[in-house]
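Here's the letter readout for the chains.
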Amino acid sequence: MTANGGKHGGGGGVKSDERLFAIAEHLRESGGAGVTELANHTGLAKSTVHDHLSTMRDHGFVVKDGTTYRLGLEFFAYGQSVRTRHDVYEAAAPIVDDLVESTGEMAWLLTHENGRVMYLYGGAGETEVNANALIGSWAYMHCNSGGKAILAHLPDSAVESVVDRHGLPARTPNTITDPDELAEELAAVREQGYALNLGEDLEGIHAVAVPLLFEEEVKGALAIAGPAHRVSEERCKTELADKLRASTNDIELNLAYR
């Protein structure tokens, strides 16, 4: 993200807000930076960068370590607040833990916003994946099992909007990149009740997911993933899909009696 000329940023936002978000985004991606690096990256004057950093520091959104600025824990407090406002999080978190324990594989709760899915909660099972690093991260919907499970239960107009906004970028040679093929895939997901990701996002990783539906609304998706040699296509379609379906019943009960 870079600064734009004129009163508003390129996305139609207020110019000062665009500048602040550009600084915050670079701090997130870099893990920390000084005023000069931030000015070079954003194209802003050092004085402007410093003013924004001072304001963010006053409110706890950045901390200063010598000459390096990093994002502050206030962002974490906001993130926690956002996550707990999703009723599906509290309803599904203990169920996800049970899936991790019973399968030994990764299990994830995902939800969607602005045409992408976020890993809201999960565990790594017997894999070497750092689950905490994935929680809070975004993924494209068309190559993610949870994303496809959600897309399959959205109106056609919403699916078209997602494709228009984010495209269908190829993550691996197995990624669906054609809108017609995606439409066929989503129809199959609705028919069979689960979605597969067979190395479409990361080569060598397979996943299966089911939608979380409540009161005619798709709240998110529940997924199990792991290395292809353990999480085979056949295992996805049978044992793991069955476990996910059973788990959604418990989550729906939790939502109903929350």
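Below is a short write-up of the structure. All of these numbers come straight from a predicted model, not from anything done at the bench.

With respect to the overall build of the chain
- On a plain count of helices and strands, the chain comes out with 10 helices and eight strands.
- Along the first, second and third principal axes, the C-alpha atoms of the chain reach 60 × 35 × 35 Å.
- Out of the 258 residues in the chain, the part that is buried amounts to 44%.
- Sequence-distant contacts, at least 24 apart, represent 53% of the contacts inside the chain between residues at least 6 apart.

Quick notes on the packing of helix 1 (residues 15–30) against helix 3 (residues 46–58)
- One can describe the packing of helix 1 onto helix 3 by two numbers: an axis separation of 10 Å at closest approach and a directional angle of 80°. By the angle between their axes, helix 1 is roughly perpendicular relative to helix 3. Here helix 1 contributes Ser16, Arg19, Leu20, Ile23, Ala24 and Leu27 to the contact with helix 3, which in turn contributes Thr48, Val49, His52, Leu53 and Met56.

Points about the packing of helix 1 against helix 2 (residues 35–42)
- Viewed as axis vectors pointing N to C, helix 1 and helix 2 meet at an angle of 115°, and their least axial separation amounts to 10 Å. Considering their axes alone, helix 1 and helix 2 lie roughly perpendicular with respect to each other. As helix 1 runs across helix 2, the sense of the crossing is right-handed. Of the residues in helix 2, those touching helix 1 at Ala22, Ile23, His26, Leu27 and Ser30 are Glu37, Leu38, His41 and Thr42.
- Among the residues making up the contact of helix 1 with helix 2, the classes are represented as four nonpolar, four polar and one charged.

Digging into unusual backbone geometry
- With phi around 55°, Asn114 is a residue other than glycine that occupies positive phi space.
- Structurally, Asn114 is set in the loop between strand 3 (106–113) and strand 4 (116–123).
- One non-glycine residue, Glu215, adopts positive backbone phi at about 50°.

Things to note about the packing of aromatic side chains
- Applying the stated criterion across every chain yields a total of four aromatic pairs.
- Residues Phe61 and Phe75 carry aromatic rings whose centres are separated by 4.9 Å and whose planes lie at 70° to one another, so their mutual orientation is edge-to-face. Placement of the pair is Phe61 in the loop between helix 3 and strand 1 (62–65) and Phe75 in helix 4 (residues 74–85), with a sequence separation of 14 residues.
- Taken together, a centroid distance of 5.3 Å and an interplanar angle of 55° make the contact between Phe61 and Tyr78 tilted. On the criterion of sequence distance, the pair formed by Phe61 in the loop between helix 3 and strand 1 and Tyr78 in helix 4 is long-range, its members being 17 residues apart.
- With relative accessibility at 18%, the residue Phe61 sits in the buried group.
- Judged by relative accessible area, which is 48%, Tyr78 ranks as partly exposed.
- By the ring-pair criterion, three or more aromatic residues cluster together here, those being Phe61, Phe75 and Tyr78.

With respect to helix 10 (residues 233–256)
- Taking 1.5 Å of rise per residue, the 24 residues of helix 10 would be expected to cover 34 Å, and the 33 Å separating its terminal C-alpha atoms lies within 8% of that figure.
- Along helix 10, the sharpest kink reaches roughly 40°, centred on Leu240.
- All of the buried residues along helix 10 are Arg235, Cys236, Leu240, Ala241, Leu244, Ser247, Thr248, Ile251 and Leu255.
- Contacts made by the buried residues of helix 10 are with helix 5 (87–103), strand 6 (195–198), strand 7 (205–214) and strand 8 (217–227).

Describing the side chain of His206
- As for its position among the elements, His206 is in strand 7.
- Within the structure, the side chain of His206 is placed 2.9 Å from the backbone oxygen of Val231, a separation counted as a polar contact.
- Setting aside its immediate chain neighbours within four residues, His206 contacts Asn197, Leu198, Gly199, Ile224, Ala225, Gly226, Ala228, Val231, Ser232, Glu233 and Cys236.

Thresholds applied
- Residues numbered from 1 in each chain as written.
- Predicted model: local features only at pLDDT ≥ 70, side-chain atom pairs only at ≥ 80, totals over all residues.
- Heavy atoms only, no water.
- Helix = DSSP H or I, 4+ residues; strand = E, 2+ residues; numbered from the N terminus.
- Buried < 20%, exposed > 50% of the residue type's maximum accessible area, 1.4 Å probe, protein only.
- Contact = heavy atoms within 4.5 Å.
- Axes fitted to C-alpha atoms, helices over the stretch in contact; angles between N-to-C directions.
- Parallel < 35°, antiparallel > 145°, perpendicular 65-115°, else oblique.
- Left-handed = near helix turned anticlockwise from the far one by under 90°.
- Nonpolar A, V, L, I, M, F, W, Y, C, P; charged D, E, K, R; others polar.
- Phe/Tyr/Trp six-rings, centres within 6.5 Å; stacked < 30°, edge-to-face > 60°.
- Expected span 1.5 Å × (residues − 1).
- Bend = angle between axes of the 7 residues up to and from the residue.
- Polar contact = N/O pair within 3.5 Å; in protein donor to acceptor, adjacent residues only side chain to side chain.

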